[in-house]
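# Coordinates in review
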Amino acid sequence: MLDVALIGGGLCGLALAHSLQARRIDWMLYEARPRLGGRILTAHAADGTPLDLGPTWFWPATQPSITRLVADLKLATLAQPDDGELLLLDDAARPAAPRAFDPQRGGPDPDEQARGRPGSLHGGARRLAGGVGALVDALAGRLPGHRLHTGHALRRVVDHGDHVALWFADGRCVQARRLVLTLPPRLVAERLDFSPALDAARQAVLAQTPTWMAAAAKAAVRTARAPWRGQRGAGNAWVTHAQAVLAELWDSGRPDPATDTDPEAPGALAGFYAIGAGQRPAFRRSAAVLLESAFAMVHGPRLLPIEPQVQDWAEEPWTCSALDRAEDGRLAQHPVYGDPLLQAAAWDGRLWFGGSETAAQGGGYLEGALAAAARLRRQLTEAANEPSGESSTDASASPPSACGPAVDGRAVAPQPAVEPVGTAQAGAAALLDDFVRRVAGLREQALERYRQRVHLALSRQQDAQLTQRAVLGALESVYQEALGLLGSLRLPAAGQPLQQGRHALTPQVLAPFKGLADELLAEVVRYNATSCALSNFPFEHKPSAEYVHVIRRDLAAAWQDFALAANDHLKAHA
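Let me begin by describing the structure that accompanies this report. Chains are numbered independently. Their residues run from 1 in the order of the written sequence. Local features in this predicted model are restricted to residues whose pLDDT is 70 or higher, and side-chain atom pairs enter the listing and the counts only when it is 80 or higher, whereas totals over whole chains, interfaces and linings include all residues. Hydrogens and water molecules were not included; the side-chain quantities draw on all heavy atoms of the structure.

For the rest of this paragraph, the subject is the side chain of Asp-324. Under the scheme used here, helices are H or I runs from DSSP no shorter than 4 residues and strands are E runs no shorter than 2 residues, and both carry numbers assigned from the N terminus. The topology assignment puts Asp-324 in helix H7 (residues 322-326). Counted as a polar contact is a pair of N or O atoms within 3.5 Å, where, for protein atoms, one must be capable of donating a hydrogen and the other of accepting one, and residues adjacent in sequence contribute only when both atoms are in side chains. A polar contact of 2.8 Å, which involves the side chain of Asp-324, links it to the side chain of Thr-211. A polar contact is formed between the side chain of Asp-324 and the side chain of Ser-321, at a distance of 2.8 Å. Every residue pair with non-hydrogen atoms within 4.5 Å of one another is taken to be in contact. Not counting the four nearest positions on each side in its chain, Asp-324 is found in contact with Arg-186, Pro-210, Thr-211, Ala-214, Ala-215 and Thr-319.

And the structure:
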């Protein structure tokens, strides 16, 4: 019998599989599609040019997990061309005209003479040189092939008290002690039959959680020329007239903005469909002609020949639910993800939920998929380490809610006390002193990192839960950098004792961070109160005690994740 069955071969499932493999937990992954990657989909033109039809970008300034993973896998990246300007086509009878992008408006500047600020349109986004599909290939290539199963569509899940039975569409049955569903929540609610049925509150949350970009469609083309190179807009364009086929365009080739300015060189473009999901099937037969015209209307007829690649996610049964199709175009802003019911286990720890929409930070994005995988890694590892034969209600193995306020399905633990350096740790003293000094520098940067995130969010009109997201992102970036420092120190961890799973050096590594979260939050509240930029947002300008409490719980959860990660690093070298 399997220890863990994973359903869904997207980024969350693959990342979690890596964690389970490293911890020698017996697992298998099952994906309904004939391929891995989930919503990650990279097509290739005839000459091999990668064309992303799913997720395209990541943002190093605000997304530390995906940035670190890309670096760890040694995947080449490139900056998204962005001179802060775009071509605006708001009248089908007139040519597209250059406009500056105004981050305050979140759209083109009406002043035709205004010039854009480089980087303001895409916010410092980067792409993978081989397409985001290269990330999937890199992850899958490092996993045992016999554990990855495509073409397996789950239909029914039965709880047997000490394990679950998974029934697939082809009649196969798999048994596992624990099941992790990394599918979009709405697909779980719509396509899976549970016996016994899930509780009503959880069913409601599953159905109410929108699948990010589920009803979108993308088109990408390889072009014979790239006339936008070296011109205002750098390939970026918005089409807003009523007959628009594509709403937004960008350069999807592999240019170096500093050197690739030759308009006669081949290029690539991509864009989101402007046609709603319900109307797209009627245009399917004429899609190639319409796309050729749509790209040419913005960048001229000499783009030809083009090789269109199209992905309509609304017609992809393992991405888009009926509710997502019904809501096509109605989401006014990014949904708030990470409901606690989707971050806690069901069926007494035998059923777990993952996927990007279960993450409070980065929900819907690649970052959110990795955040969900990290949460599940920790939760499943804790569950696997429960002593055999002992009840999960025992004090030593109690669920998060029994040992403190639960945040993201995790118990909020106090920061560990500082212990004296013992004899076995004496050889690490000098290196730890250097680590402490470098951490002190990171602490001094924390507030500035918060300010940068606030300004970036405002420039992109992402004002929902602004303080909460920015302060958590700033603190997590400090923690991520500290983990990198820890990895570079080469501490003499071998031979150090373990006490109840904690490495002897862990208290000394964590000590320099004591009080950081509280200090940063206090500085943030003071900064917000004096910030002109936030004066138009009363909820952020003077955050309520309840809002500050919610933020404090988030910071406590981030601290616990960091403490566990630091301890895991030391144990791995013990």
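When you line up the elements, Asn-528 lands in helix H12 (residues 516-530). When sequence neighbours within four positions are dropped, the list of residues in contact with Asn-528 reads Tyr-450, Thr-467, Leu-534, Glu-540 and His-541.

A separate point is empty space enclosed by the protein. Two kinds of site are reported from a 1 Å grid over the protein atoms alone, namely cavities, where a 1.4 Å probe fits but cannot get out, and pockets, open sets with protein on both sides within 12 Å along at least five of seven lines, and residues are called lining when an atom falls within 4 Å of a point. Grid points are joined across faces, edges and corners, and a volume is the space filled by probe spheres set on the points. Evaluated as defined, the whole model comprises 3 cavities of 30 Å³ or more. Every residue lining the largest cavity is counted, 14 residues in all, and those nearest its centre are Pro-50, Leu-51, Asp-52, Arg-127 and Ser-252. Looking at the lining of the largest cavity, the elements with two or more residues in it are strand S4 (50-52) and strand S9 (126-128). In terms of residue count, the dominant contributor to the lining of the largest cavity is S4 (3 residues). Amino acid classes used here: Ala, Val, Leu, Ile, Met, Phe, Trp, Tyr, Cys and Pro are nonpolar; Asp, Glu, Lys and Arg are charged; the rest, including Gly, are polar. By residue class, the composition of the lining of the largest cavity is 6 nonpolar, 5 polar and 3 charged. Partitioning the lining of the second largest cavity into residue classes produces 8 nonpolar, 2 polar and 1 charged.

Exposure classes here rest on a 1.4 Å probe applied to the protein chains alone. A residue is buried below 20% of its type maximum, exposed above 50%, and partly exposed in between. Taken across its 6 residues, strand S1 (residues 2-7) has 5 buried, putting it largely inside the fold. Sheet analysis places S1 next to strand S13 (residues 173-181), joined by 5 bridges and oriented parallel. Opposite Val-4, over in S13, you have Arg-178 as the bridge partner. The pairing criterion for strands is at least two bridges between them, as found by DSSP.

Spatially, 8 strands are ordered S8-S7-S6-S16-S17-S18-S15-S19 in an open sheet, and the strand pairing comes out mixed. With partners counted over all chains shown, the strands left at the sheet margins are strand S8 (107-108) and strand S19 (309-312), one partner each. Here strand S17 (residues 246-251) pairs with strand S18 (residues 267-273) via 5 bridges, running antiparallel. For Leu-246, the partnering residue across the bridge sits in S18 and is Tyr-273.

The next thing to look at is the packing of helix H1 (residues 11-22) against helix H3 (residues 133-141). Note on geometry: axes are lines fitted to C-alpha atoms, helical ones only across the stretch in contact, with angles between N-to-C directions running from 0 to 180 degrees. Between H1 and H3, whose axes approach to 10 Å, the crossing angle comes to 30°. The angle between H1 and H3 places the two elements in the roughly parallel class. With respect to the hand of their crossing, H1 and H3 are arranged in left-handed fashion. Facing H1, whose interface residues are Leu-11, Leu-14 and His-18, H3 presents Leu-135, Val-136 and Leu-139. Across the contact of H1 with H3, the residue classes tally to 5 nonpolar, 1 polar and no charged. Relative orientations are named as follows: roughly parallel for angles under 35 degrees, roughly antiparallel for angles over 145 degrees, roughly perpendicular for angles from 65 to 115 degrees, and oblique for any other angle. Should the near helix be turned anticlockwise from the far one by less than a right angle, the crossing is termed left-handed; should it be turned clockwise, right-handed.

We now examine the packing of aromatic side chains. When the centres of two rings from Phe, Tyr and Trp lie within 6.5 Å, Trp using its six-membered ring, the rings pair. Their planes under 30 degrees apart give stacked, over 60 give edge-to-face, and anything left gives tilted. With the rule as written, the count across this model stands at 17 aromatic pairs. Ring centres of Trp-212 and Tyr-365 lie 6.1 Å apart, and the angle between their planes is 55°; this geometry places the pair in the tilted category. Of this pair, Trp-212 sits in the loop between helix H5 (200-208) and strand S15 (217-223) while Tyr-365 sits in the loop between strand S20 (351-353) and helix H8 (366-384); the two residues are 153 residues apart in sequence, bridging distant segments of the chain. Seen in terms of ring centroids, Phe-513 and Phe-562 are 4.8 Å apart; in terms of plane orientation they differ by 65°. Their pairing is edge-to-face. With Phe-513 in the loop between helix H11 (506-510) and H12 and Phe-562 in helix H14 (residues 545-572), this pair connects stretches of sequence that are 49 residues apart. The class for Phe-513 is buried, based on a relative accessible area of 0%. On the accessibility criterion, Phe-562 (3% relative accessible area) is buried. What links up through ring pairs into an aromatic cluster is the set Trp-57, Trp-59, Trp-212, Trp-250, Phe-272 and Tyr-365. Our definition puts a charge over a ring when NZ of Lys or CZ of Arg is within 6 Å of the ring centre and also within 35 degrees of the ring normal. The ring of Trp-27 has Arg-147 sitting right over it, with the charged end atom 5.6 Å from the ring centre.

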